[in-house]
Amino acid sequence: MKPIVLVGFMGVGKTTVGQLLAQRLDKTFVDGDHYFEEQLGQSVPSYLAEFGEEEFRKQESRLLPEMLKKFDVIATGGGIITLEKTRQYLKQTQSVVYLFDSFETNYARLVADTHVRPLVHHQRIEQVQDLFTYRQPLYDEVADKKIYVKGRSPDKVVEELIQLVLI
Ligand SMILES: Nc1ncnc2c1ncn2[C@@H]1O[C@H](COP(=O)(O)OP(=O)(O)OP(=O)(O)O)[C@@H](O)[C@H]1O
Ligand SMILES: O=C(O)C1=C[C@@H](O)[C@@H](O)[C@H](O)C1
Ligand SMILES: [Mg+2]
């Protein structure tokens, strides 16, 4: 199977949906942030605090092709589209699916989630919204399919993904 790569803003559900999709299809799954932490031996928040975002993006970009070689379903980190070089790589990759939802739904999830995301932690809502708006065209640019989550359950999103990518 050609890998399925999920992209989208923090909190849209890439990890949740990706895991469920892989289970349904009996395929392997990897979460980009988890893979990063395993390979670098450091948590993402701690790495960002120590080395900064530029270095984090370089490492994230380097690890992406490795994940595509090793796994069937890949949930990328929310900022995977930041570097031009990484966007070029994703554009040449098949089955990149952009999961998107309204800013309000996304933000509500981020606030409720216990998982720490340094780029939104302690930021004002306006700053998170600016980042969300800035990134939309970048996800669009790299994706060849797009799913509007529309507040639906992860199960429903997985059903749509299967229809869209595999049938
Ligand atoms: N369709 C959904 N409906 C309701 N809650 C959801 C849905 N998808 C995910 N969630 C919840 O939203 C939160 C964020 O989900 P998840 O960690 O999968 O997002 P993500 O896109 O992987 O974020 P990140 O880019 O930061 O890794 C979690 O608490 C998860 O349980
Ligand atoms: O959207 C982002 O820039 C990020 C999302 C997370 O998945 C992590 O990769 C990290 O916290 C940065
Ligand atoms: Mg995730």
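Residues numbered from 1 in each chain as written. Chains lettered and ligands numbered in written order. Predicted model: local features only at pLDDT ≥ 70, side-chain atom pairs only at ≥ 80, totals over all residues.

## Quick look at the UniProt feature "binding site: ATP" (unreviewed entry) in the chain
Next up, step 1: Following the UniProt record, the feature "binding site: ATP" (unreviewed entry) maps to Gly11, Val12, Gly13, Lys14, Thr15, Thr16, Arg117 and Arg152 here. These annotated residues cover 142 residues of sequence, and their C-alpha atoms reach 22.9 Å apart at the extreme, placing them across more than a single site.
Next up, step 2: With respect to the helices and strands, the residue threonine 15 is situated in helix α1 (residues 14-25).
Next up, step 3: A count of 20 C-beta atoms within 10 Å places threonine 15 in the buried class.
Next up, step 4: With residues up to four places along the chain from it excluded, the contact list for threonine 15 reads Asp31 and Ala75.
Next up, step 5: Counting through the fold element by element, threonine 16 comes out in helix α1. (UniProt positions renumbered as here; feature names shortened; annotations may be inferred. Helix = DSSP H or I, 4+ residues; strand = E, 2+ residues; numbered from the N terminus. Buried ≥ 20, exposed ≤ 12 C-beta atoms within 10 Å, placed from the backbone. Contact = placed C-beta atoms within 7 Å.)

## Considering the sheet that holds strand β3 (residues 73-75)
Next up, step 1: A sheet is described by the order of its strands in space; here five strands give the open sequence β2-β3-β1-β4-β5, paired in parallel fashion. Edge strands, defined here as strands with exactly one partner in the open sheet, are β2 (29-31) and β5 (145-148). Each neighbouring strand pair of the sheet contributes to a mean axis angle of 20°, computed without reference to strand direction.
Next up, step 2: Docked against the sheet, α1 engages β1 (4-7), β2, β3 and β4 (96-100), running at close to 170° with respect to β3. (Pairing = 2+ DSSP bridges. Axes fitted to C-alpha atoms, helices over the stretch in contact; angles between N-to-C directions.)

## Concerning the packing of helix α3 (residues 44-51) against helix α4 (residues 53-70)
Two quantities define a packed helix pair, namely the angle between the axes and the distance from one axis to the other.
Next up, step 1: At a minimum axis distance of 7 Å, the contact between α3 and α4 shows a crossing angle of 130°. Regarding the angle of α3 to α4, the classification is oblique. Together, Tyr47, Leu48 and Phe51 of α3 and Glu53, Glu55 and Phe56 of α4 make up the contact between the two elements.
Next up, step 2: A per-class count over the contact of α3 with α4 returns four nonpolar, no polar and two charged. (Parallel < 35°, antiparallel > 145°, perpendicular 65-115°, else oblique. Nonpolar A, V, L, I, M, F, W, Y, C, P; charged D, E, K, R; others polar.)

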